[in-house]
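# Inside the fold
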Amino acid sequence: MLGRLNHVAIAVPDLAAASAVYRDTLGAKLSDPQALPDHGVTVVFVDLGNTKVELLEPLGDASPIAAFLAKNPAGGMHHLCYEVDDILAASDRLKADGARVLGDGEPKTGAHGKPVLFLHPKDFAGTLVELEQA
Ligand code: CO
């Protein structure tokens, strides 16, 4: 079921500062910031060739990463995103196995314009997992 690692997401309190670290200190290639109001975040992608790092900054009052940043004020690793060939089949299989799909349980359109869903960290070794349609 599981395909390649699409990205590692890092929640940050200051997207410009985190972008500068990746661009200037680490010499990485970055996308322009992209506001995703439906997801309550602004994202910058760091292109690593074999995968990406997604820098996430809260957007709006009800950002899903606000609580995480309250606990981790300097930022921190927020989730891993794995690709799957068929997100609806993956979702059905995981639900049948008792895994919890967050939100209303249905895929939403993610940052790459593809369907994504999030799985409860308590069901996956303490790590928030995002699945993205490959
Ligand atoms: Co993500």
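Sequence positions are assigned chain by chain, starting from 1 and proceeding in written order. Local features in this predicted model are restricted to residues of pLDDT 70 or higher, and side-chain atom pairs are both shown and tallied only at a pLDDT of 80 or more, whereas totals for entire chains, interfaces and linings draw on every residue. With hydrogens and water stripped out, all remaining heavy atoms of the structure feed into the side-chain values.

For a metal with four tetrahedral donors the ideal donor-metal-donor angle is 109.5 degrees, while six octahedral donors give ideal angles of 90 or 180 degrees. A 2.8 Å cut-off from the metal defines N, O and S donors, relaxed to 3.2 Å for Na, K and Ca; water is not in the atom list, so some sites may appear incomplete. Protein coordination at the cobalt ion comes from H7 (NE2), E54 (OE), H79 (NE2) and E130 (OE), with a distance range of 2.0 to 2.5 Å. Each label reflects the angles at the metal, where four donors whose angles all fall between 85 and 135 degrees are tetrahedral, four or six donors whose opposite pairs open beyond 155 degrees and whose other angles stay between 65 and 115 are square planar or octahedral respectively, and the rest are irregular. Around the cobalt ion, the four donor atoms sit at angles spanning 88 to 176°, and that spread fits a shape best called irregular. All donors of the cobalt ion belong to a single chain; written as a sequence motif, their spacing is H-x46-E-x24-H-x50-E. With a gap of 123 residues between them, H7 in strand β1 (residues 2–11) and E130 in strand β9 (residues 129–133) connect regions that are remote in the sequence. Residue classification places E130 among the buried residues on the basis of a relative accessible area of 5%. Strands are runs of DSSP state E lasting at least two residues, helices are runs of H or I lasting at least four, and both sets are numbered from the N terminus onward. Only protein chains enter the accessibility calculation, which uses a 1.4 Å probe. A residue is then buried if its area is under 20% of the maximum for its type, exposed if over 50%, and partly exposed in between.

Its place among the elements puts E54 in strand β5 (residues 52–58). On the basis of relative accessible area, E54 is assigned to the buried category, the value being 5%. E54 sits 52 residues away from E106 along the chain, and the two C-alpha atoms are 22 Å apart. Contact criterion: two residues are considered in contact whenever any of their non-hydrogen atoms come within 4.5 Å of each other. When neighbours within four sequence positions are excluded, E54 is seen to be in contact with H7, V8, A9, I10, V43, V44, F45, H79, A111 and E130.

Before going further, it helps to spend a moment on the side chain of E83. Along the polypeptide, E83 turns up in strand β6 (residues 76–84). Think of a polar contact as two N or O atoms within 3.5 Å of one another; within protein, one of them needs to be a possible hydrogen donor and the other a possible acceptor, and neighboring residues in sequence only count if both atoms come from side chains. Within the local environment of E83, its side chain forms a polar contact with the side chain of N6, the two groups lying 2.8 Å apart. If sequence neighbours within four positions are ignored, E83 has contacts with M1, L2, G3, R4, N6, E132 and A134.

The next subject is the side chain of H78. Examined against the element boundaries, H78 turns out to sit in strand β6. Judged by relative accessible area, which is 14%, H78 ranks as buried. For H78, the residues in contact, after removing those within four places along its chain, are A9, I10, A11, L56, I65, F68 and L128.

With that settled, the discussion passes to the pattern of salt bridges. Each reported salt bridge corresponds to a side-chain nitrogen of Lys or Arg within 4 Å of a carboxyl oxygen of Asp or Glu. Going through the model one piece at a time under the given rule, you end up with three salt bridges. Its salt-bridge partner being R4, residue E83 comes within 2.9 Å of it at the nearest N-O pair. With E83 in strand β6 and R4 in strand β1, the pair connects residues that are 79 residues apart, well separated along the chain. A relative accessible area of 12% means that E83 is categorised as buried.

Every buried residue belonging to helix α1 (residues 15–25) is among L15, A18, S19 and Y22, and all of these are buried. Along the axis of α1, the buried positions cluster into a sector of 100°, meaning they face one direction only. Structural note: α1 exposes A16, D24 and T25 on the side pointing more than 90 degrees away from its buried face. On the buried face of α1, the contacting elements are β1, β2 (29–30), β4 (41–47) and β5. The opening residue of α1 is D14, an N-cap whose side-chain oxygen sits 3.1 Å from the backbone nitrogen of A16. By construction, the arc corresponds to the directions joining the helix axis to the C-beta atoms.

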